[in-house]
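A closer look at the structure
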Amino acid sequence: QVQVVESGGGLVQAGGSLRLSCAASGSIFSINVMGWYRQAPGKQRELVAAITSGGSTNYADSVKGRFTISRDNDKNTVYLQMNSLKPEDTAVYYCNFEAKYGMDYWGKGTLVTVSS
């Protein structure tokens, strides 16, 4: 059984910062890609950032230069440092782990609210 738990969401004023964390525990093997997605009310879930096992990163255009994704392979943990937050960043943020054998794991989400 694999558990994926996000933390670090909350309410912040525009221009502020938050750091999200997400850890996977249990029988999970060789995580290839760790990613963060978000879903705002009335919108589809979208990719925010992803990082491969080799450290290559990919960001949505809307967060480039403001968000930084990182990972700790020993702890099966992925982080998302979010700076210069904007009201349009308000969403539920989900982490995702793509592991060996095509296994795909999602967290339940953490709410980020940015007030103007």
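First, a word on what this report is: a plain description of the structure on this page. (Residues numbered from 1 in each chain as written. Predicted model: local features only at pLDDT ≥ 70, side-chain atom pairs only at ≥ 80, totals over all residues. Heavy atoms only, no water.)

Helix and strand content of the chain: zero helices and eleven strands. Relative to the compact-globule value of 13 Å for 116 residues, the chain shows a C-alpha radius of gyration of 14 Å, a close match. Its C-alpha atoms give the chain principal-axis dimensions of roughly 45 × 25 × 25 Å. Within the span of the chain, comprising 116 residues, buried residues form 42% of the whole. Pairs at least 24 residues apart make up 54% of the contacts formed inside the chain by residues separated by at least 6 positions. (Helix = DSSP H or I, 4+ residues; strand = E, 2+ residues; numbered from the N terminus. Rg over C-alpha atoms; globule rule 2.2 N^0.38 Å. Buried < 20%, exposed > 50% of the residue type's maximum accessible area, 1.4 Å probe, protein only. Contact = heavy atoms within 4.5 Å.)

Another aspect to go through is the sheet that holds strand β8 (residues 77-82). Spatially, the four strands line up as an open sheet ordered β1-β3-β8-β7, and their pairing is antiparallel. At either margin of the open sheet sits one strand with a lone partner, and together these are β1 (2-7) and β7 (67-72). Going from strand to strand, the sheet's axes swing by 15° on average, the running direction of each strand aside. Across six bridges, β7 lies against β8 in antiparallel orientation. Counterpart to I69 in the pairing with β8 is L80. (Pairing = 2+ DSSP bridges. Axes fitted to C-alpha atoms, helices over the stretch in contact; angles between N-to-C directions.)

To continue, consider the packing of aromatic side chains. What the rule picks out here adds up to one aromatic pair. Residue placement shows R19 over the ring face of Y79; its charged tip is 4.2 Å from the ring centre. (Phe/Tyr/Trp six-rings, centres within 6.5 Å; stacked < 30°, edge-to-face > 60°. Lys NZ or Arg CZ within 6 Å of the ring centre and 35° of its normal.)

By the definition in use, this model includes four salt bridges. Where E46 meets R38, a salt bridge forms, and the shortest distance between an N and an O atom there is 2.7 Å. Note on E46: relative accessible area 35%, which makes it partly exposed. Judged by relative accessible area, R38 falls into the buried class, the value being 6%. D89 is paired through a salt bridge with R66; the nearest N and O atoms lie 2.7 Å apart. Placement of the pair is D89 in the loop between β8 and β9 (91-99) and R66 in the loop between β6 (57-59) and β7, with a sequence separation of 23 residues. The residues D89 and R66 share a single accessibility class, namely buried. Overlapping salt bridges, with partners in common, bring together R38, E46, R66 and D89 in one network. (Salt bridge = Lys/Arg side-chain N within 4 Å of Asp/Glu carboxyl O.)

What follows deals with the state of the cysteines. If you walk through the whole model with that rule in mind, you get one disulfide. Shown here is the disulfide that connects C22 with C95, its sulfur atoms set 1.8 Å apart. Note that C22 is positioned in strand β3 (residues 18-26) and C95 in strand β9, a separation of 73 residues in sequence. Its relative accessible area of 0% is what places C95 among the buried residues. (Disulfide = S-S within 2.5 Å.)

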